[in-house]
Amino acid sequence: MKNTLLLCLLIIGGLGLQAQQSVPTDYFSNPLDIPLILSGSFGELRSNHFHSGLDIKTQQKEGLPIYAPADGYVSRIKVAHYGYGKALYIQHPNGYSTVYAHLQKYAGAIEQYVKENQYNKESFEVELFPDASRLTVNKGDIIGYTGNSGSSGGPHLHFEIRDGASRPMNPMLFGIDIPDSKKPLINSVMAYPISEEAHINRSQNPVKLRLMLQKDGSYKAEKITAHGKIGFGVSAYDQQDGASNKNGVYKITTHYNGTESFKVLFEKFSFDETRYLNRFIDYYYWMNNKSRVQKLFREANNPLSVITNENENGFITVEDGFSSNYTIEVTDFKGNVINITVPIEGSNSEILEPKTVAKTDDFIYANQATSISKGKFSVYIPANSLYEDTYLDIQAQGDTLLLHEDVIPIHKNITITVDASNYDPKDLDRLYVGRLNYRGDPYYNTTTRKGDKLSAYTRTFGSYVLVADTTAPSVKALNFDDGKWISKNETLRFKITDDLSGISSYRATVNGKFILLEYDYKKDVLTYDFDDGVITDSENNLKLIVIDNVGNSTTFEATFFRK
Ligand SMILES: [Zn+2]
């Protein structure tokens, strides 16, 4: 215990030192030459992660030039169908790096370098680490153009600044200035009974507090009665000037009877810890209400470094017969603040609503590995896949596995194995394990097969089903016809779709030579750009092969003419 305390003091001391170690505030200039308006802020709560940068709105357009915010060199380029899409990483001589994601394309020599590598590897998706001398940039150089590539829901630039250990930092600390005169907004405040005997308003279940807006703009919660060890949570967001986007807040601090109890600060985190967001938020509430409540306490299996101060892990113990005040202060980067006061009356009155626990046959100890068999399915849950011990409701119905409900987060992959020995051996290759989405469609889960056993990994509870996909992808040319002259075409475009398992790969050649296609999964479109200059003949025989996730393939052939 003493050692732990000492360690805590050392860590707190270390943080203090880091905070003093100032970051350069005039080194990086704005990466865009438009007013910076955000659709996402640093540390914002997202699905399974904290947002690692700023999402800068680009006026609903693509193709805005991005300027190097400082000297440096291109240290990494990644082109991917999903995630960051076309991403660019610049290393700066002061030890920091900057990241640009969802680009439409790269600029000049960078674009040329990427294309060369894509043709060498015969792949649209590439990851490249050029030498420091290969692609140097000077402050103000155009390095790329904004877009909407990868898993981006609308045109914007995702911009990050990372420290020497590749930890994303809040770009606003570096002087990237976002005008903000509005206070953060509060959605809801929750109170949680923690200890066995604890209760709030005579209930042992989480309680949503009723908030009353005060004349000074702050909130006061209706007085609660409580007993034992309890904690609180808040759902809050921030809006900056010039847009109504709901972005994340910068800092939350709580006090109990005047003493600081808990502090979350969104200045820096590491990618290894980002999935612990699911431990930090009230996951059950999020799945049921689509609003993320941050718990203002640290439970077991929550190593998050964004929690920068805590007394008793942020929990409070209410004493019977005493009145006390708990306050929550939510602050944005510009220091706009909103306060919430929760008056508490300590009272061990009779519990009217005992804790609701749905008991099942399958109680899982979080720190132990567990194997469970149901019907033709078996589920393997490695140790520490779950954050806490819990009952799971698991049932098999024929080819469907009801694997609890997506109201409990999973940290590490669990394995679902299904016995497919009742299938015809020739169909085994076309089977996969799908997760039923909200529409009831079996969304493909990477599936491997050993004999007549199929296995899939997942980090989401829900319904899984064994599905046979025997339909090959469909391929249609969008902007040309077989046998026609298309000298004026700047591109070749194809619509590619697949029922059930989805597109896995595609490859095209013209007169036997590989041509580079860009895949936009959001539009189901493949595009070839004639600027590549690899098509020089007048008669061209095109062959495009598209393969789905279980290996069904379609070959599309056409001839076109150009001069
Ligand atoms: Zn982003």
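All figures in this text were calculated on a predicted structure; none of them were measured in a lab.

Draft legend 1. Summary view of the overall build of the chain. Scanning the chain from terminus to terminus reveals four helices and 48 strands. When the backbone C-alpha atoms are referred to their principal axes, the chain occupies close to 90 × 65 × 45 Å. The 563 residues of the chain split such that 50% are buried. A separation of at least 24 residues holds for 67% of the contacts in the chain among residues at least 6 apart in sequence. When the accessible area of the chain is evaluated, it comes to approximately 26700 Å², of which 47% is carbon and sulfur surface.

Draft legend 2. Here's a closer look at the packing of aromatic side chains. Taken as a whole and assessed by the stated rule, the structure comprises 26 aromatic pairs. On the numbers, 4.9 Å between centres and 70° between planes, the contact of Tyr250 with Phe333 is edge-to-face. Taken as a pair, Tyr250 in the loop between β20 (224-237) and β21 (251-256) and Phe333 in the loop between β26 (323-331) and β27 (337-346) lie far apart in primary sequence, 83 residues in all. Under the relative-accessibility criterion, Phe333 is labelled partly exposed at 30%. Through a chain of ring-to-ring contacts, three or more aromatic side chains come together here, namely Phe42, Phe50, Phe266, Phe269, Phe271 and Phe280. Its end group placed over the ring of Tyr145, Lys105 keeps NZ or CZ at 5.7 Å from the ring centre. The ring of Trp286 has Lys290 sitting right over it, with the charged end atom 4.2 Å from the ring centre.

Draft legend 3. Representation of the sheet that holds strand β33 (residues 400-403). The sheet built from five strands is open, its strands ordered β32-β33-β39-β35-β36 with antiparallel pairing. The open sheet terminates on both sides in strands that have one partner only, identified here as β32 (394-397) and β36 (442-445). Averaged over all neighbouring strand pairs, the angle between strand axes comes to 30°, with direction disregarded.

Draft legend 4. Region of interest: the pairing of strand β13 (residues 156-162). By the criterion of burial, β13 is predominantly enclosed, with seven of the seven residues buried. The side-chain alternation of β13 yields two buried faces, one formed by His156, His158, Glu160 and Arg162 and the other by Leu157, Phe159 and Ile161. The pairing of strand β4 (residues 54-57) with β13 spans four bridges and is antiparallel. When the bridges of β13 are listed, Lys57 appears paired with His156. Here five bridges tie strand β8 (residues 97-101) to β13, and the two strands are oriented antiparallel to one another. Among the inter-strand pairings, Val99 is bridged to a residue of β13, identified as Glu160. Sheet topology places β13 next to strand β14 (residues 168-169); two bridges connect them, and they run antiparallel.

Draft legend 5. Representation of the coordination of the zinc ion. Donor atoms from the polypeptide that coordinate the zinc ion comprise His51 (NE2), Asp55 (OD) and His158 (ND1), at 2.0 to 2.1 Å from the metal. Written as a sequence motif, the donor residues of the zinc ion are H-x3-D-x102-H. In this pair, Asp55 is assigned in strand β4 and His158 in strand β13, connecting sequence segments 103 residues apart.

Draft legend 6. Here's a closer look at the sheet that holds strand β40 (residues 474-477). Strand order in the open sheet formed by four strands is β40-β42-β46-β45, with antiparallel pairing between adjacent strands. Both outer strands of the open sheet, β40 and β45 (518-520), are each paired with one neighbouring strand and no more. Averaged over neighbouring strand pairs, the angle between their axes works out to 25° when direction is ignored. Direction of pairing for strand β42 (residues 491-497) relative to strand β46 (residues 525-529): antiparallel, over a ladder of five bridges. Bridge pairing links Thr491 to Asp529 in β46.

Draft legend 7. Looking closely at the pattern of salt bridges. A complete count under the given rule lists 23 salt bridges for this structure. Of the charged contacts in the structure, one is a salt bridge between Glu310 and Arg298, with a shortest N-O distance of 2.9 Å. Placement of the pair is Glu310 in strand β24 (residues 307-310) and Arg298 in the loop between β23 (294-295) and β24, with a sequence separation of twelve residues.

Draft legend 8. Molecular detail of the nonpolar core. Core analysis: the largest hydrophobic core is formed by 67 residues, its most contacted members being Ile77, Leu88, Phe494, Leu542 and Leu544. With sequence-adjacent residues up to four places away left out, Leu542 is seen in contact with Phe480, Leu492, Phe494, Thr509, Val510, Ile515, Phe556, Glu557, Ala558 and Phe560. Core analysis: the second largest hydrophobic core is formed by 45 residues, Ala198, Ile224, Tyr256 and Phe280 among them.

Draft legend 9. Summary view of the environment of Leu401. Position of Leu401 relative to the elements: it lies in strand β33. Overall, Leu401 belongs to the buried group, its relative accessible area being 0%. Through-space distance from the C-alpha of Leu401 to that of Thr555 is 35 Å; in sequence the pair is 154 residues apart. Those residues in contact with Leu401, other than ones at most four positions away along the chain, are Phe377, Val379, Ile394, Gln395, Ile416, Gly462, Ser463 and Tyr464.

Draft legend 10. Main features of unusual backbone geometry. A positive phi is found at Asn257, a non-glycine position, where the angle reads about 50°. On the secondary structure map, Asn257 appears in the loop between β21 and β22 (259-265).

What counts, and at which threshold
Residues numbered from 1 in each chain as written. Predicted model: local features only at pLDDT ≥ 70, side-chain atom pairs only at ≥ 80, totals over all residues. Heavy atoms only, no water. Helix = DSSP H or I, 4+ residues; strand = E, 2+ residues; numbered from the N terminus. Buried < 20%, exposed > 50% of the residue type's maximum accessible area, 1.4 Å probe, protein only. Contact = heavy atoms within 4.5 Å. Areas by Shrake-Rupley, 256 points an atom, 1.4 Å probe, with all protein chains shown as cover. Phe/Tyr/Trp six-rings, centres within 6.5 Å; stacked < 30°, edge-to-face > 60°. Lys NZ or Arg CZ within 6 Å of the ring centre and 35° of its normal. Pairing = 2+ DSSP bridges. Axes fitted to C-alpha atoms, helices over the stretch in contact; angles between N-to-C directions. Donors = N, O, S within 2.8 Å, 3.2 Å for Na, K, Ca; no water. Salt bridge = Lys/Arg side-chain N within 4 Å of Asp/Glu carboxyl O. Core = buried A, V, L, I, M, F, W, Y, C linked by side-chain atoms within 4.5 Å.

By themselves, these are just geometric observations and shouldn't be taken as functional.
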